[in-house]
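Observations on the model geometry
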Amino acid sequence: HAKSTTKGSYAIFDAQLNAAAMERLEVEIELRQALELQEFRVYYQPVVSLDDGRICTVEALIRWQHPRRGLVPPSRVIPIAEETGLIIELGQWVLEEACRQVSDWQRRYQENLSLNVNLSARQFRHAEIVNNISVALHNSGLKPFSLTLEITEGNLIHDPMETIAKLRAMKKLGVRLAIDDFGIGYSNLSYLKQFPVDILKIDRSFIRGIEWDPHDKAIVRSVIALADAFELSVTGEGIETEEQAAQLRALGCNHGQGYLFAPPLPADSFETFLEKDRQRARVNGYGQR
Ligand code: C2E
Ligand code: MG
Ligand code: MG
Ligand code: MG
């Protein structure tokens, strides 16, 4: 009796496993097709200077323009692309597309506009990543110092020796490096001393409570102090209110990103934003930076 029950539950387990594997396989096939059919889009979100509100940087954020399901967010794409290895191709596409786009915007709008691109764990560890970055720069004509690669803390910690070697090889290309979602990944700060990074991006979970949660505010203040000590630039992520921006400014944070300034926008809408930014600069007499 017991035997058949066990057998039965194995069958159910098997069926569930198969269903999950099937679904993953289906999504993988779908993602491959989407790449072929050019259904992916790069959206652009500005990073502004908190001093004068002007755009310094754009972050490239992937979207899947699905013919029936509409705009699919990265949270539904990146993990599967990461698991299946498709992230290498997809990530390279984002990198090349965004480099090409920003190189064009530099010519037409603002010559010191810079670009941030996210690198996933698997992309970062890929043997060809340094070469792939160099190819994207070469093909687009974007200068290396105009490109920043964003890497999350967790990805850096994985294998410190290999990580340091890789980060150095990237720095040798002339690109800049940012730690994304800083503060949520790891409590061990000693690696900041060894990793040749340029920018810390404070995770938006700490910005959310900055007005009313003294702990969040203390964390933000500490990250900014840390950045100062290491001579890093610091960006607050997920700024949604004027008050949050004011608090960050008062704490000495240089840069900000969030819905208060603009959500991630498709390229054509972003051009409108760049145009407005340029006009505002003219009115305020900041001139072309
Ligand atoms: P991230 O790199 O930390 O990007 C910031 C995320 O915060 C974006 O979500 C952005 O839309 C969102 N955000 C910006 N401002 C605000 C705000 O004021 N409030 C709130 N609530 N959210 C805000 P998104 O576009 O859904 O991307 C999510 C994550 O997916 C990214 O987090 C990044 O880790 C990953 N990702 C996106 N594009 C790529 C890509 O091309 N390659 C890789 N490897 N990862 C990507
Ligand atoms: Mg990012
Ligand atoms: Mg982030
Ligand atoms: Mg994030």
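Residues numbered from 1 in each chain as written. Chains lettered and ligands numbered in written order. Predicted model: local features only at pLDDT ≥ 70, side-chain atom pairs only at ≥ 80, totals over all residues. Heavy atoms only, no water.

This part takes up the overall build of the protein. On a plain count of helices and strands, the protein comes out with 12 helices and 10 strands. At 21 Å, the protein has a C-alpha radius of gyration in line with the 19 Å of a compact globule built from 289 residues. When the backbone C-alpha atoms are referred to their principal axes, the protein occupies close to 85 × 45 × 40 Å. In the protein, which carries 33 positive and 39 negative side-chain charges, the distance between the mean positions of the two groups comes to 2 Å. (Helix = DSSP H or I, 4+ residues; strand = E, 2+ residues; numbered from the N terminus. Rg over C-alpha atoms; globule rule 2.2 N^0.38 Å. Lys, Arg positive; Asp, Glu negative; His and termini not counted. Charge placed at Lys NZ, Arg CZ, Asp CG, Glu CD.)

Right, let's talk about the site of ligand 1 for a bit. Near ligand 1, the surroundings consist of 23 residues, among which Arg63, Asn118, Asp180, Glu240 and Tyr259 are the closest. Here Asp180 contributes a side-chain N or O atom positioned 2.8 Å from an oxygen atom of ligand 1. Here ligand 1, which alone exposes 800 Å², has 82% of that area covered by the protein. When atom positions are compared with the pocket grids, ligand 1 is found to occupy the largest pocket. Among the secondary structure elements, those contributing two or more residues to the shell around ligand 1 are strand S2 (55–66), helix H2 (74–84) and strand S6 (176–182). Sorting elements by how many residues they give to the shell around ligand 1 places S2 first, with 4 residues. In terms of residue class, the shell around ligand 1 is made up of 9 nonpolar, 6 polar and 8 charged. (Near = heavy atom within 4 Å. Polar contact = N/O pair within 3.5 Å; in protein donor to acceptor, adjacent residues only side chain to side chain. Areas by Shrake-Rupley, 256 points an atom, 1.4 Å probe, with all protein chains shown as cover. 1 Å grid on protein atoms, 1.4 Å probe; cavity = no way out; pocket = protein on both sides within 12 Å on 5 of 7 lines; lining within 4 Å. Sits in = over half its atoms within 2 Å of the grid points. Nonpolar A, V, L, I, M, F, W, Y, C, P; charged D, E, K, R; others polar.)

The subject of this paragraph is the packing of helix H5 (residues 129–140) against helix H7 (residues 160–173). Running from N to C, H5 and H7 point in directions that differ by 20°, and their axes come no closer than 10 Å. Judged by the angle between their axes, H5 and H7 are roughly parallel. Handedness of the H5/H7 crossing: right-handed. Contacts between H5 and H7 involve Ile129, Val130, Ile133 and Ser134 from the first element and Lys166, Ala169, Met170 and Leu173 from the second. Its residues placed into classes, the contact of H5 with H7 shows 6 nonpolar, 1 polar and 1 charged. (Axes fitted to C-alpha atoms, helices over the stretch in contact; angles between N-to-C directions. Parallel < 35°, antiparallel > 145°, perpendicular 65-115°, else oblique. Left-handed = near helix turned anticlockwise from the far one by under 90°. Contact = heavy atoms within 4.5 Å.)

Structurally, Ser146 can be placed in the loop between H5 and strand S5 (147–152). If near-sequence neighbours (up to four positions away) are discounted, Ser146 is found in contact with Gln106, Leu113, Ser114 and Leu115.

Moving on, we come to the packing of aromatic side chains. As enumerated under the stated definition, the model contains 6 aromatic pairs in all. Measuring from ring centre to ring centre gives 5.1 Å for Tyr191 and Phe195, while their planes differ by 40°; the resulting arrangement is tilted. One exposure class covers both Tyr191 and Phe195, and it is buried. Relative to Phe273, the ring of Phe270 has its centre 6.1 Å away and its plane inclined at 25°; by these criteria the two rings are stacked. Of the two residues, Phe270 and Phe273 both sit in helix H12 (residues 267–284), 3 residues apart, roughly one turn of that helix. Ring pairs connect the aromatic residues Tyr44, Trp105, Phe270 and Phe273, which therefore count as one cluster. The cationic tip of Arg63 hangs over the ring face of Tyr43; the distance from NZ or CZ to the ring centre is 5.4 Å. (Phe/Tyr/Trp six-rings, centres within 6.5 Å; stacked < 30°, edge-to-face > 60°. Buried < 20%, exposed > 50% of the residue type's maximum accessible area, 1.4 Å probe, protein only. Lys NZ or Arg CZ within 6 Å of the ring centre and 35° of its normal.)

Attention shifts here to the coordination of the magnesium ion (ligand 2). Geometry sets the ideal angles at a metal, namely 109.5 degrees for four tetrahedral donors and 90 or 180 degrees for six octahedral donors. Around the magnesium ion (ligand 2), the protein supplies Glu59 (OE), Asn118 (OD1), Glu150 (OE) and Asp180 (OD) as donor atoms, at distances of 2.0 to 2.2 Å. When the donor residues of the magnesium ion (ligand 2) are listed from N- to C-terminus, their spacing reads E-x58-N-x31-E-x29-D. Between the magnesium ion (ligand 2) and the magnesium ion (ligand 3), the interatomic distance is 4.0 Å, and Asp180 donates to each metal, bridging them. Taken together, the residues Glu59 in strand S2 and Asn118 in strand S4 (residues 114–118) connect sequence positions 59 residues apart. Judged by its relative accessible area of 26%, Asn118 falls in the partly exposed class. (Donors = N, O, S within 2.8 Å, 3.2 Å for Na, K, Ca; no water.)

As a further point, take the layout of surface pockets. In this structure, the largest pocket occupies an estimated 1000 Å³ of space. Lining the largest pocket are 37 residues, with Glu59, Leu61, Pro74, Asn118 and Asp180 positioned closest to its centre. Secondary structure elements with two or more residues in the lining of the largest pocket: S2, H2, helix H3 (87–108), S4, helix H4 (121–125), S5, S6 and helix H9 (204–208). At 5 residues, S2 tops the list of elements feeding residues into the lining of the largest pocket. (Points joined across faces, edges and corners; volume = space filled by probe spheres on them.)

Regions of empty space are outlined by a rolling probe, equal in size to a water molecule, passed over the atoms. The final tally for this structure, using the stated rule, is 3 cavities of 30 Å³ or more. One number sums up the size of the largest cavity: a volume of about 50 Å³. Around the largest cavity, the lining residues are Phe124, Arg125, Asn155, His158, Asp159, Glu162, Thr163 and Lys166. Take the lining of the largest cavity: its biggest share by element is 3 residues, from H7.

What follows covers the nonpolar core. Counting residues in hydrophobic clusters, the biggest one holds 75 residues, and the most contacted among them are Leu115, Leu147 and Leu149. Considering every element that reaches this core, the biggest residue donor is H3, with 8 residues. Leaving out residues up to four positions away in the same chain, Leu149 has contacts with Leu95, Val117, Leu119, Ile133, Met170, Val175, Arg176, Leu177 and Ala178. (Core = buried A, V, L, I, M, F, W, Y, C linked by side-chain atoms within 4.5 Å.)

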